[in-house]
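Each chain, letter by letter, is given below.
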Amino acid sequence: MNTERESETTFEEDSQPNDEVVPYSDDETEDDLEDQEPAVEPEQNRVNREAEEIQEPFKKDCTWQVKANDRSFHEQPHFMNTKFFCIKESKYANNAIKTYKYNVFTFLPLNLLEQFKRAANLYFLILLILQTIPQISTLAWYTTLVPFLVVLGVTAIKDLVDDVARHKMDKEINNRTCEVIKDGRFKIAKWKEIQVGDVIRLKKNDFVPADILLLSSSEPNSLCYVETAELDGETNLKFKMALEITHQYLQKENSLATFDGFIECEEPNNRLDKFTGTLFWRKTSFPLDADRILLRGCVIRNTDFCHGLVIFAGADTKMMKNSGKTRFKRTKIDYLMNYMVYTIFVVLILLSAGLAIGHAYWEAQVGNYSWYLYSGEDATPSYRGFLNFWGYIIVLNTLVPISLYVSVEVIRLGQSHFINWDLQMYYAEKDTPAKARTTTLNEQLGQIHYIFSDKTGTLTQNIMTFKKCCINGHIYGDHQDASQHNHSKAEQVDFSWNMYADGKLAFYDHYLIEQIRSGKEPGIRQFFFLLAVCHTVMVDRLDGQLNYQAASPDEGALVSAARNFGFAFLARTQNTITISELGTERTYKVLAILDFNSDRKRMSIIVRTPEGNIRLYCKGADTVIYERLHRMNPTKQETQDALDIFASETLRTLCLCYKEIEEKEFQEWNKKFMAASIASTNRDEALDKVYEEIEKDLILLGATAIEDRLQDGVPETISKLSKADIKIWVLTGDKKETAENIGFACELLTEDTTICYGEDINALLHTRMENQRNRGGVYAKFVPPVHEPFFPTGGNRALIITGSWLNEILLEKKTKKSNILKLKFPRTEEERRMRTQSKRRLEAKKEQQQKNFVDLACECSAVICCRVTPKQKAMVVDLVKRYKKAITLAIGDGANDVNMIKTAHIGVGISGQEGMQAVMSSDYSFAQFRYLQRLLLVHGRWSYIRMCKFLRYFFYKNFAFTLVHFWYSFFNGYSAQDVSDKLSLRFPGLYVVGQRDLLFNYRRFFVSLLHGVLTSMILFFIPLGAYLQTVGQDGEAPSDYQSFAVTIASALIITVNFQIGLDTSYWTFVNAFSIFGSIALYFGIMFDFHSAGIHVLFPSAFQFTGTASNALRQPYIWLTIILTVAVCLLPVIAIRFLSMTIWPSESDKIQKHRKRLKAEEQWKRRQNVFRRGMSTRRSAYAFSHQPGYADLISSGRSIRKKRSPLDGVIADGTAEYRRTVES
């Protein structure tokens, strides 16, 4: 047993998931469905592997080849793939993107093919063919053709409008321009004309059109600053840097035109932060990584121009690879409607068959002996019954609603416009309205069970604000005046005394400003000096103003805060940093920068003051700083208490400390530092060890508290959605501490929440799998499943799990490059059989483990997945869809959310930010997360209610109308908003009716059918009784079947329209006009069809002149109609009255008391109760996810030299710069 279990282990035993890192590449993730290889490698396999490694050590992974300035190279035969039969195309995609479905030639056939996938449309096509056969046709063929063409036409026009919009968007993107080397010069070209191997030039604020290798730029050492909001929603700048060789030789136009470098790299994939390749040029090879690559969708910032070589274009770019597959989305009601239509098919066939059998029997018993019924054709009763079967299929065709689908589409279109027109979802600040980008999913918005949300840019604004601080044990940041008195009225601090203040900081503690300016507390000035000096921020001056470029928004917020408080970072060189200290400029020598990483969770800087003293300044997470403090720190406990308070307020914190260093101590340490810096192996580990030696015995200064600002209304929205029994999962690439902190800030987590982590649930899942294995649970197919909860009932639990633990638990593995080459030696049949069985066992284990994980996670009130890749986000959504059969919604704002958005039943994109990739792939878009509550609780709920009422009414009306023919056959020889939007938001519990499918299901469907059957009986038999023994006032009885039809039709029209009135919750002019106007229109058309004028025009089609006027002038006919309508509707009114009185729904109760509830109660944020010494968590430390610019600063590569003008850089020595526009 142990051997078997070991063979099914996904990771090595000593391989523990790392919470701090994003898991391996998505493209390296595959299912672990294979046996482990033998411990002893077969000899022949070993020889094959070693030979292949020697011959092709690099080409295994790097098979993508790019030749600069040589388009013909990529059109060689061995780069061509067969697309269709003998048609071939290059494996290198062009740069045009296509999101549309049709073109001029494919629209008609493809659209008709899609429409005829609907069972009803196929049915009516068959019906139309049957109606062309004279022997069985009971209705003219055009009675089906005209409405059928209208249905197909309306749907086709709607699809055409949607696709035209996609064409316009694609055209707009594909026709953007940039400069491309052609014929030895830069010429303007459209994006769609760019090809792999082209050399392009981009200017400041340009979007990057493809994935390109950075060759050179206007910045020192060809640095290039980019903004990746389009990809990940983050607005902080990131830098890329060209190779030194290309920076040196590829600055001028003529050198770029003659560049002939050759690149071998990885195939196109979806990993945004990974790239592996080699540049071969000038008989030398140069390694390439992600730091050299600019990805499509990035924006060039703070860089005048840059040059690049196109590596991946169009569909091959990493951004497009992250888009995932476009899925055709249909609502739950759509699927249910199809099954109900199939049910109606069966009912129709049974009815027609029964009537055909009845007709055959009637013919045999009566028809053959009635000379006046002889038709001139000698046919057997069974043959006549067979013909009548098809005739009744045609007569009763209205049972299958031809107009159902087009009516549904019209309703959905109207509901989409209601969303688009909703001013309460309009974001005026950025002029961004809500947009329903699809019209087919509206009612599904009222059935959501799970919401999957990104964090950065979706829940948060990605704007960090300095809120509070603790210095020498005293907390600053509350509303205090200069005398340290608290005030309830907030009066903002005036920073006008500071020439470097940027005017963006909102701070209300005047006492702190007084302390800084008076200098009474040296520790306070030391505190802000540390913030101004200990960082890796880059500075530039634009129009005389300081402009900071930080590796993370946290660090930028701290340096900006120090600037506003009088300690402004002004400039830096490779080994100096200049600070303005309350107006006095001082320059410090930088001796070493000890940069941040995810393991250290801190950074330090060692400087020499102008007086010659050496000091180390350090900032980092409280968990690592407190371990390195000197034991004599008098404010240690006070600072810890302040950290607990900041944590209870969901602020992100850093501890600040310093240390005086003796000259001798520094010199000894510096030798070790220099040695570690040039280590050829394990350099990072050696540096970390050296850093540890100096970062000890630190003196605590205090702590900072930064607010990661949530978007407005996020906690309120989450609270209301939770009350609507909607579970919210946060899926983010952020580190665990940050994600947890945001969970508390938006009230997904509270102090009463028991938090489970990956290691905790891994043990639970392992135990569950053992129990299932012992019961034969994984492999026993016929044992009924036993639902066992993972946690005891009661209590509030949340799950926080990282991407690495997710892969561990879900049995995903990383493909190892050192895998033994497979299938290099023969296998016996027994080996193949065992291999297949092992695959099945592992597949069954993986499926059971994933199901167990979903069951466990769904028992938690909130789930936060952090450090996850885009593919993992989509995988989590898919698991919930697959195993819980629940309706899901995903919301995000970046390209890394696209896969998740496409996977969920409904995708929502946050618009109005820089990144629009998520919006382009979404079904709905708006500018703020808070609008989600209105989209679901108001528009979603209303759309669901309206659609359910309509469908129930539609089926009722069709059966009521059609089954009148059924009852007639026995006598002729067998020839559908409730409460306001404010109350919907006030009472989110009303939403659950959609989640539980309470308003439209098979039970409701059959109730509607039964209602229709009973109505049809009343409509037929009451007029029948009235016509049997009745004489009119003129002494004649209008007993012809046409007058009988007029009576029934009039009663039917009045009944079904009044039924709509009963289903109407709010009366407006529009629906009143529709109901009463429909009745009036019916009578107008009926009198017209029975007039002498139309008989003259079409004598063969309209033969019953005057029937309507003759019948309806009789008072007893009107009494019959009134009686029929009353008998149809009074039971419905009585049942509804009793239901609302005895068994009222939640909606009925609120509707009854709506006047009293009209005063909207404002949502109040949950109060945090701080108890000293009782904090159960640490606040998130405020740092970036990756190392800063320390290496860049220390090397001096970022220091700007005097820049040459653009023309001087790009022109050769003699030629004048010219730009040629190629049209």
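Everything numeric here is computed off the predicted structure, so don't read it as measured data. (Residues numbered from 1 in each chain as written. Predicted model: local features only at pLDDT ≥ 70, side-chain atom pairs only at ≥ 80, totals over all residues. Heavy atoms only, no water.)

Visitor: Describe the overall build of the chain, and please don't skip the residues or the numbers.
Guide: In terms of helices and strands, the chain carries 39 helices and 38 strands. Looking at the 1223 residues of the chain, the share that counts as buried comes to 53%. Working note: accessible area of the chain is about 57,200 Å², and carbon and sulfur atoms make up 56% of it. (Helix = DSSP H or I, 4+ residues; strand = E, 2+ residues; numbered from the N terminus. Buried < 20%, exposed > 50% of the residue type's maximum accessible area, 1.4 Å probe, protein only. Areas by Shrake-Rupley, 256 points an atom, 1.4 Å probe, with all protein chains shown as cover.)

Visitor: Explain the sheet that holds strand 11 (residues 262-265) residue by residue, including any values.
Guide: Strand order across the open sheet formed by four strands is 2-11-12-13, with antiparallel pairing between neighbours. A single partner strand is all that each edge strand has here, and the edge strands are strand 2 (64-67) and strand 13 (284-288). On average, each strand axis in the sheet is tilted by 20° relative to the strand beside it, whichever way the strands run. Of the pairings in the sheet, the one linking strand 11 to strand 12 (residues 277-281) comprises four bridges and is antiparallel in character. Following the sheet pairing, Cys265 is matched in strand 12 by Gly277. (Pairing = 2+ DSSP bridges. Axes fitted to C-alpha atoms, helices over the stretch in contact; angles between N-to-C directions.)

Visitor: Any chance you could break down the packing of aromatic side chains for me, citing the residues and the numbers?
Guide: Using the criterion set out here, one finds 35 aromatic pairs in the structure. An angle of 80° between the planes, with centres 6.1 Å apart, marks the rings of Tyr339 and Tyr342 as edge-to-face. Of this pair, Tyr339 and Tyr342 both sit in helix 10 (residues 332-365), three residues apart, roughly one helical turn. Note on Tyr342: relative accessible area 38%, which makes it partly exposed. One aromatic cluster is present, formed by Trp64, Phe73, Phe79, Tyr92, Phe262, Phe275, Phe280 and Phe312 through successive ring pairs. Looking at Arg282, its charged tip hangs above the ring of Trp281, at a distance of 4.9 Å from the centre. (Phe/Tyr/Trp six-rings, centres within 6.5 Å; stacked < 30°, edge-to-face > 60°. Lys NZ or Arg CZ within 6 Å of the ring centre and 35° of its normal.)

Visitor: Any details on the nonpolar core? Residues and values, ideally.
Guide: Grouped together as the largest cluster of nonpolar side chains are 61 residues, with contacts concentrated most on Phe466, Leu512, Phe528, Phe565 and Tyr617. Ranked by residue count, the leading element in this core is helix 14 (residues 522-533), at eight residues. Counting 57 residues, the second largest nonpolar core, distinct from the first, contains Trp64, Ala242, Trp281 and Phe286. (Core = buried A, V, L, I, M, F, W, Y, C linked by side-chain atoms within 4.5 Å.)

Visitor: Outline the pairing of strand 28 (residues 652-661), supporting the account with residue identities and numerical values.
Guide: Burial runs high along strand 28: nine of the ten residues are buried. Both strand 27 (residues 614-620) and strand 28 contribute to a ladder of seven bridges, which runs antiparallel. When the sheet's bridge partners are listed, Cys618 is paired in strand 28 with Cys657. Examined bridge by bridge, strand 28 and strand 29 (residues 699-710) share seven bridges and lie antiparallel to one another. Counterpart to Arg652 in the pairing with strand 29 is Ile706.

Visitor: Can you explain the environment of Gly612? Please cite residues and give values.
Guide: Relative to the helices and strands, Gly612 is located in the loop between strand 26 (602-608) and strand 27. Its relative accessible area of 35% is what places Gly612 among the partly exposed residues. Separated by 23 residues in the primary sequence, Gly612 and Lys589 place their C-alpha atoms 9.5 Å from one another.

Visitor: Could you give an account of the pattern of salt bridges, with specific residues and numbers?
Guide: Overall, the coordinates contain 41 salt bridges when judged by the stated rule. The partner of Asp198 in a salt bridge is Arg71, and the shortest N-O contact between them spans 2.6 Å. One end of the pair, Asp198, is in the loop between strand 6 (185-190) and strand 7 (199-203); the other, Arg71, is in the loop between strand 2 and strand 3 (80-84), and 127 residues separate them in sequence. The class of Arg71 is partly exposed, set by a relative accessible area of 30%. In this structure, Arg628 and Glu692 form a salt bridge, with 2.8 Å as the shortest nitrogen-oxygen distance. Placement of the pair is Arg628 in the loop between helix 16 (622-625) and helix 17 (636-648) and Glu692 in helix 19 (residues 683-694), with a sequence separation of 64 residues. Classification of Arg628 by relative accessible area gives buried; the value is 13%. Exposure remark for Glu692: the relative accessible area of 34% places this residue in the partly exposed category. (Salt bridge = Lys/Arg side-chain N within 4 Å of Asp/Glu carboxyl O.)

Visitor: Can you explain the environment of Ser1050? Please cite residues and give values.
Guide: The topology assignment puts Ser1050 in helix 32 (residues 1041-1063). Sequence-wise, Ser1050 and Trp1118 are 68 residues apart; in three dimensions their C-alpha atoms are separated by 9.4 Å. Filtering out sequence-adjacent residues up to four positions away, Ser1050 remains in contact with Tyr1082, Phe1083, Met1086 and Ile1121. (Contact = heavy atoms within 4.5 Å.)

Visitor: Summarise unusual backbone geometry; cite the residues concerned and give the values.
Guide: Its identity as a non-glycine residue notwithstanding, Asp183 has a phi of 55°, on the positive side. Relative to the elements of secondary structure, Asp183 occurs in the loop between strand 5 (177-182) and strand 6. Positive phi is not limited to glycine here, since Asp431 has a value of about 50°. The class of Asp431 is exposed, set by a relative accessible area of 54%.

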